[in-house]
Amino acid sequence: MIIRPASGDDLPLVERLLVANGLILDDVAAGIADFFVAEEEGTLLGTIGLEVRGPFALLRSAAVDPARHGAGIGARLVARVVDEARGRKLAALYLFTPAAAPFFERHGFARTTRDAIPEELRSTGQFAHACGATAVTMVRRLS
């Protein structure tokens, strides 16, 4: 399996993975250049994205083929996007998750509140549609 930057050609498969995992498609097409995909023998197995605003980013659209959940693909995608964020000298990664908080806690994220989201990230579609009151807000500080 390789993890590589996504391209526009990957968009339909990325969107299919997101839908299969019950995730929203807001701004995915516009931000595909900041996505990564996990691929094995030409098959897209997972995806993850960054939405960068100033010194912060949202980790977004983390999804793995449901038939491959539990195979370590999500962990490798998270590690790759954290490395990317560090390489870009970002201060912190934030995310919203309705159901995967324990997974992200295992990968260095901590629960926080929506009120703690930096102003730079409040104009994102993810902030506006963060599963309402049910989403857990999380942060991983990088600096």
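Sequence order as written defines the numbering, with residues in each chain counted from 1. Confidence filtering applies because this is a predicted model: local features only for residues at pLDDT of at least 70, side-chain atom pairs given and counted only at 80 or more, and all residues used for totals across whole chains, interfaces and linings. Processing note: side-chain calculations cover all non-hydrogen atoms of the structure and skip hydrogens and water entirely.

Caption draft 1: View of helix α3 (residues 73–87). Here α3 spans 21 Å end to end across 15 residues, near enough to the 21 Å set by a 1.5 Å rise per residue. Residue burial is assigned from relative accessible area. The probe radius is 1.4 Å, only protein chains are included, and a residue is buried under 20% of its type maximum, exposed over 50%, and partly exposed in between. Helix and strand assignments follow DSSP, with helices taken as H or I runs no shorter than four residues and strands as E runs no shorter than two, numbered in order from the N terminus. Among the residues making up α3, those that are buried are I73, G74, L77, V78, V81, V82, E84 and A85. Taken around the axis of α3, the buried residues stretch over an arc of 165°, which confines them to a single face. To estimate the expected span of a helix, subtract one from its residue number and multiply by 1.5 Å. Taken from the helix axis, the directions to the C-beta atoms give the arc we talk about.

Caption draft 2: Spotlight on the nonpolar core. Only buried residues count toward a nonpolar core. Its members are Ala, Val, Leu, Ile, Met, Phe, Trp, Tyr and Cys residues joined through side-chain atoms within 4.5 Å. By size, the foremost hydrophobic cluster in this structure holds 23 residues, and its most contacted members are I48, L59, L93, F104, F109 and M138. When contributions to this core are tallied by element, the ones reaching two or more residues are β2 (35–40), β3 (43–53), β4 (56–64), α3, β5 (92–97), α4 (101–105) and β7 (136–141). Among the elements that take part in this core, α3 stands out by supplying six residues, more than any other. Only heavy atoms enter the contact rule, under which two residues are in contact if any of them lie within 4.5 Å. Residues within four places of L93 in sequence aside, it is in contact with L50, A57, V82, A85, F109, M138, V139, R140 and L142. Counting eleven residues, the second largest nonpolar core, distinct from the first, contains V14, I32, F35 and A63.

Caption draft 3: Just the side chain of R4, in detail. Within the secondary structure, R4 sits in strand β1 (residues 2–5). The definition of a polar contact used here is a pair of N or O atoms within 3.5 Å, where within protein one atom must be able to donate a hydrogen and the other to accept one, and adjacent residues in sequence count solely through side-chain atom pairs. Of note is the side chain of R4, whose polar atom sits 2.8 Å from the side chain of D10. At 3.1 Å, the side chain of R4 and the side chain of E39 are in polar contact.

Worth remembering: the numbers are spatial, not functional.
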